[in-house]
Amino acid sequence: MSRSKTILITGGAGFIGSHVVRLFVQKYPNYHIYNLDALTYAGNLENLSDLENQPNYTFIKGDITDELFIQELFDTYKFEGVIHLAAESHVDRSITDPLAFVKTNVIGTIVLLNAFKDCWKDDFEDKLFYHISTDEVYGTLGETGLFIETTPYDPNSPYSASKASSDHFVRAYGETYKLPYVISNCSNNYGQNQFPEKLIPLFINNIINNKPLPVYGDGNYTRDWLYVKDHAIAIDLIFHKGKQGETYNIGGFNEWKNIDLVKLLCKQMDQKLNRASKASEQLITFVKDRPGHDLRYAIDASKIKNELSWEPSVTFEQGLELTIDWYLNNKRWLANIINGAYQAYYQKQYG
Ligand code: NAD
Ligand code: DAU
């Protein structure tokens, strides 16, 4: 059995974080998992209601940008490992409010780095700061090519610029203070518990409610999709077996043009909802493009595959079906989210 450890997971009430928290709480009874989350619009404790009574799990409500609070937290709990997921994560929101992204993604990361450094600077042995990042830091690809770990950073949105900046700070702390770190840059996740502002859950919700499916531009943008539970498994492997000071790219080996993905989603939804063939496709509506829209992301994940024997466990068709089933069986979760604040955002974004 693994030795006992205190681990801080930030952003654990969000989409990916909740899957990481569950995996760690269930797989490592010897670890104590502290989930620190500010519960912004994207944080939802309902995602983790099944873990409430687990003895090795504690939820802490708090903001990573609150320096004093974070310092005190490290003084109290002496987190040996940090898995840092808390972030503002939606590109469209970063276009309307860039500063919120700088605050949480850049300043919040530095506050955590400082607290971790001050806590362990005399003994970094067996400690790790794991920073979760995105493939968007590499900018955009043309029709060909793949992002590798050494692809130069070239972010195009305020979101990706803030994530790139936080990655640089993590690396700089590694060089300057010898702080032990690892970074992973992942492609687009999909799966259970994703907030319905991102493409797949937004469109599932709209199909259920017979609302238009707002495809940006001509829909010929490409993303590389990964099932969220496979991302959580990759994070577990990197946390335990990754090399300090290294970056790992994580992707699904699974590129889809948005319009093709939306048509597949419509087809699967029509089957689940017993609707006529192509019924949901009628809802597709081409709308104004996202400013600075990156044409294509695609990850070369051969480093994590070769070094840590990681591969996606499900095909896209399987993962999408699991996702659709979950949303159809959890309409209460969706209804609880579609509250006043979300309605206001939707109105502003799509009119
Ligand atoms: P999310 O928006 O679903 O969740 C973010 C969580 O962080 C929420 O629970 C929110 O309450 C919390 N949070 C926000 N600001 C905070 C603050 N100041 N202090 C404490 N908590 C705060 O995001 P996600 O999609 O789960 O992404 C998690 C991480 O993974 C992010 O760092 C993101 O950049 C990265 N990532 C996401 C994807 C993706 O496709 N979703 C892909 C690659 C990388
Ligand atoms: O690549 C990893 C990134 O993936 C993560 O770092 C981000 O946190 C995550 O939000 C995601 O970013 P994207 O911008 O790629 O995801 P989103 O779901 O917003 O959009 C996916 C694609 O679909 C993108 O090309 C924009 C398009 N889109 C999106 C929405 C919300 C539409 O056409 N219509 C929409 O309404």
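Residues numbered from 1 in each chain as written. Chains lettered and ligands numbered in written order. Predicted model: local features only at pLDDT ≥ 70, side-chain atom pairs only at ≥ 80, totals over all residues. Heavy atoms only, no water.

Turning our eyes to something else, we now look at the site of ligand 1. Near ligand 1, the surroundings consist of 29 residues, among which Ile 16, Asp 37, Ser 89, Tyr 159 and Lys 163 are the closest. One nitrogen or oxygen atom from the main chain of Leu 39 is found 3.5 Å from an oxygen atom belonging to ligand 1. Surface burial for ligand 1 is 96%, taken as the share of its 830 Å² of free accessible area covered by protein chains. Looking at the shell around ligand 1, the elements with two or more residues in it are α1 (15-27), β5 (128-134), α5 (158-177) and β7 (188-190). Ranked by residues supplied to the shell around ligand 1, first place goes to β5 with three residues. Its residues placed into classes, the shell around ligand 1 shows 13 nonpolar, twelve polar and four charged. (Near = heavy atom within 4 Å. Polar contact = N/O pair within 3.5 Å; in protein donor to acceptor, adjacent residues only side chain to side chain. Areas by Shrake-Rupley, 256 points an atom, 1.4 Å probe, with all protein chains shown as cover. Helix = DSSP H or I, 4+ residues; strand = E, 2+ residues; numbered from the N terminus. Nonpolar A, V, L, I, M, F, W, Y, C, P; charged D, E, K, R; others polar.)

Glancing now at the packing of helix α6 (residues 199-208) against helix α8 (residues 258-272). Contact geometry of α6 with α8 gives a least axis separation of 11 Å together with a crossing angle of 40 degrees. Relative to α8, α6 is oriented oblique. Judged by the twist between their axes, the crossing of α6 over α8 is right-handed. On the side of α6, the interface is formed by Leu 199, Ile 200, Phe 203, Ile 204, Ile 207 and Ile 208, while α8 contributes Asn 258, Leu 261, Val 262, Leu 265, Cys 266 and Met 269. (Axes fitted to C-alpha atoms, helices over the stretch in contact; angles between N-to-C directions. Parallel < 35°, antiparallel > 145°, perpendicular 65-115°, else oblique. Left-handed = near helix turned anticlockwise from the far one by under 90°. Contact = heavy atoms within 4.5 Å.)

Another aspect to go through is the site of ligand 2. The immediate surroundings of ligand 2 are formed by 25 residues, with Thr 134, Asp 135, Tyr 159, Arg 290 and Tyr 350 found nearest. A distance of 2.5 Å separates an oxygen atom of ligand 2 from a polar side-chain atom of Asp 135. Measuring from an oxygen atom of ligand 2, one finds a backbone N or O atom of Leu 199 at 2.8 Å. Alone, ligand 2 offers 690 Å² of accessible surface; in the complex the protein occludes 95% of this. Tallied by class, the residues present in the shell around ligand 2 amount to twelve nonpolar, seven polar and six charged.

With the rule as written, the count across this model stands at 14 salt bridges. Asp 50 is the salt-bridge partner of Arg 22, the closest N and O atoms lying 2.9 Å from each other. Placement of Arg 22 in helix α1 and of Asp 50 in the loop between β2 (31-37) and β3 (57-61) is noted, with a sequence separation of 28 residues between them. Classification of Asp 50 as partly exposed rests on a relative accessible area of 43%. (Salt bridge = Lys/Arg side-chain N within 4 Å of Asp/Glu carboxyl O. Buried < 20%, exposed > 50% of the residue type's maximum accessible area, 1.4 Å probe, protein only.)

Spatially, the seven strands line up as an open sheet ordered β3-β2-β1-β4-β5-β6-β10, and their pairing is parallel. The open sheet has two free edges, formed respectively by β3 and β10 (247-250), since each of these has just one partner strand. Pairwise comparison of adjacent strand axes, ignoring direction, gives a mean angle of 20 degrees for this sheet. Pairing of β2 with β3, which is carried by five bridges, proceeds in the parallel orientation. Residue Ile 33 lies in a different strand from β3, and its bridge partner there is Tyr 57. Seen against the sheet, α1 touches β1 (5-10), β2, β3 and β4 (81-84) and runs at an angle of roughly 165 degrees to β2. This element, α5, spans β5, β6 (181-186) and β10 of the sheet and lies at about 155 degrees to β5. (Pairing = 2+ DSSP bridges.)

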